[in-house]
Amino acid sequence: MKIIKSILEIQQITTKLHQSKKTIGFVPTMGYFHKGHLSLMKQAKHENEISIVSIFVNPLQFGPNEDYDSYPRDEERDINLAKQMGVDYLFMPTIEEMYPTEMVIKMAATERTNALCGRSRPGHFDGVITVLTKLFHIVQPNKIYFGLKDAQQVAVVDALITDLNFPIDLVGLSTVRDNSGLAMSSRNINLTKEERDQAIWLYKSLKIGQQLIVDGEENPVIIKKEIINTLKQHIDVGIDYVEILEFPSLHTVSVIDKKQIIIAVAIFFKYARLIDNLILNMDGQVLKRLD
Ligand code: AMP
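Just so it is clear, the model here is predicted, and its values are computed rather than measured. (Residues numbered from 1 in each chain as written. Predicted model: local features only at pLDDT ≥ 70, side-chain atom pairs only at ≥ 80, totals over all residues. Heavy atoms only, no water.)

**Student:** Would you mind going over the packing of aromatic side chains in detail, with residue names and values included?
**Tutor:** The geometry of an aromatic ring pair comes down to the distance between the two centres and the angle between the two planes. Within the structure shown, the criterion is met by 4 aromatic pairs. When the centroid spacing of 5.8 Å and the interplanar angle of 75° are considered together, the rings of F62 and Y71 count as edge-to-face. Accessibility expressed as a relative area gives 7% for Y71, which makes it buried. Ring plane angle 80° and centroid distance 5.3 Å describe the contact between F136 and F166, whose orientation is recorded as edge-to-face. On the criterion of sequence distance, the pair formed by F136 in helix 6 (residues 124–139) and F166 in the loop between helix 7 (151–163) and strand 6 (169–173) is long-range, its members being 30 residues apart. Among the residues examined, F166 registers a relative accessible area of 11% and is labelled buried. Put simply, the rings of F62, Y68 and Y71 touch in pairs and so form one group of aromatic residues. Over the ring of Y32 we find R77; its NZ or CZ atom is 5.7 Å from the centre of that ring. A cation over an aromatic ring shows up here: K204 above the ring of W201, its NZ or CZ 4.8 Å from the ring centre. (Phe/Tyr/Trp six-rings, centres within 6.5 Å; stacked < 30°, edge-to-face > 60°. Buried < 20%, exposed > 50% of the residue type's maximum accessible area, 1.4 Å probe, protein only. Helix = DSSP H or I, 4+ residues; strand = E, 2+ residues; numbered from the N terminus. Lys NZ or Arg CZ within 6 Å of the ring centre and 35° of its normal.)

Right, dumping it as C-alpha cells:
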C-alpha cells in the first residue's frame, strides 16, 4: 500500500490508472477505523481493480461547538488496518494541502438537508459536499462507497453526483453493528460504560418501529411515538430527533404505504451524539445495499 499526502501525486497516479483503463473504487473517511470502514474497503477492493481510501478530518463539516478538535485520530493504527485490508493507495492530505487558502467558491445543498442531521447541524452537509467534490476531482473514482449508517449523507451525495454530473457510481452499504446491535462509530469511544449500555436502545427502538410497519401500521406518528417512548424508558439523555421520511428524497410521509422509507434517530450523550437508522424497502425489510 502506498501512502500519499500530495494532491498532485495522487492525481497523477489516478490519471495514469484511467489511461490504462483500470477501475478505481474510492472510500472517503475521517479515519479512526472500525469494522464499518473496513467493510467499505473490502467491497471497494472486491469490485474494482484499484482501491483508494482517504483519511481527512474535514474542518468544514464541523460546527463551531462540535468535536473537531477532539475527533478521535490514530494514524498509525489506521495505516496498519488499511494495509491489512489490501488497500492500494491511502490518501492522507493535511489541512494546508486541502485548503491552502480560504475558499472563494461556496457550495450549498438546498434539498435533503432540512431534516435529520442537516437540521441539527447547520452547514454540516455544505462542508461534506465541498470536501467530496474536491476529493472526487482529486481521486477520479469510478465507484464510491459510503455507509448507510450515514443515510442522509448518502442521500446528499446521490444528489451531488447527479446535479454536478460526476461520472461516478454511488454504492451504499449496510451498517455494521457490534454484537449488541450498536452501530459501529468512531465516536463510540467517547461513551461511558453506562452510556454504551443505553446506546443499544437506538437500534432496539428502530427494530420496534420496523416491526410495527411489518405488522401493518401505516401511521408514522404512532410509530415515532412508540420509538420515543421506548427510548425514554431506557435512555436518560436528550433525544435530538426521531423521524420517518421517504428515502432518499427525505420528504415527509403521512402514510407509510409501499414506499421506501427511513426511520432515523439521533441521541445526545455527554461527549458523543449518536445516530442510527433503518432504511426499509416497500415490504418493510431492511435495505442491505443501495446502488
Ligand atoms: P467517517 O469516517 O465517520 O466519515 O465514515 C466514513 C464512511 O464509513 C462513511 O461512508 C460512513 O457512512 C461509513 N460508516 C461509518 N460507520 C459505519 C458503520 N457502522 N457501518 C457501515 N459504514 C459505516
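The rest of the description comes next.
**Student:** Outline the sheet that holds strand 3 (residues 50–55), supporting the account with residue identities and numerical values.
**Tutor:** Pairing in this open sheet of 7 strands is mixed, and the strands run 1-4-3-2-5-6-10 from one edge to the other. Edge positions in the sheet fall to strand 1 (2–4) and strand 10 (289–290), since each has one partner strand and no second. With 3 bridges joining them, strand 3 and strand 4 (residues 89–91) adopt parallel strand pairing. Among the inter-strand pairings, V53 is bridged to a residue of strand 4, identified as L90. Relative to the sheet, helix 7 contacts strand 5 (143–147), strand 6 and strand 10, its axis offset from that of strand 5 by approximately 155°. (Pairing = 2+ DSSP bridges. Contact = heavy atoms within 4.5 Å. Axes fitted to C-alpha atoms, helices over the stretch in contact; angles between N-to-C directions.)

**Student:** Which residues make up the packing of helix 8 (residues 193–214) against helix 9 (residues 220–234), and what values do they have?
**Tutor:** At a minimum axis distance of 9 Å, the contact between helix 8 and helix 9 shows a crossing angle of 155°. Considering the angle they form, helix 8 stands roughly antiparallel to helix 9. As for the relative orientation of helix 8 and helix 9, their crossing is right-handed in sense. From helix 8, Q198, W201, L202, S205, I208, G209, L212 and I213 reach across to helix 9, where they touch I223, E226, I227, T230, L231 and H234. Taken together, the residues of the contact of helix 8 with helix 9 break down into 8 nonpolar, 5 polar and 1 charged. (Parallel < 35°, antiparallel > 145°, perpendicular 65-115°, else oblique. Left-handed = near helix turned anticlockwise from the far one by under 90°. Nonpolar A, V, L, I, M, F, W, Y, C, P; charged D, E, K, R; others polar.)

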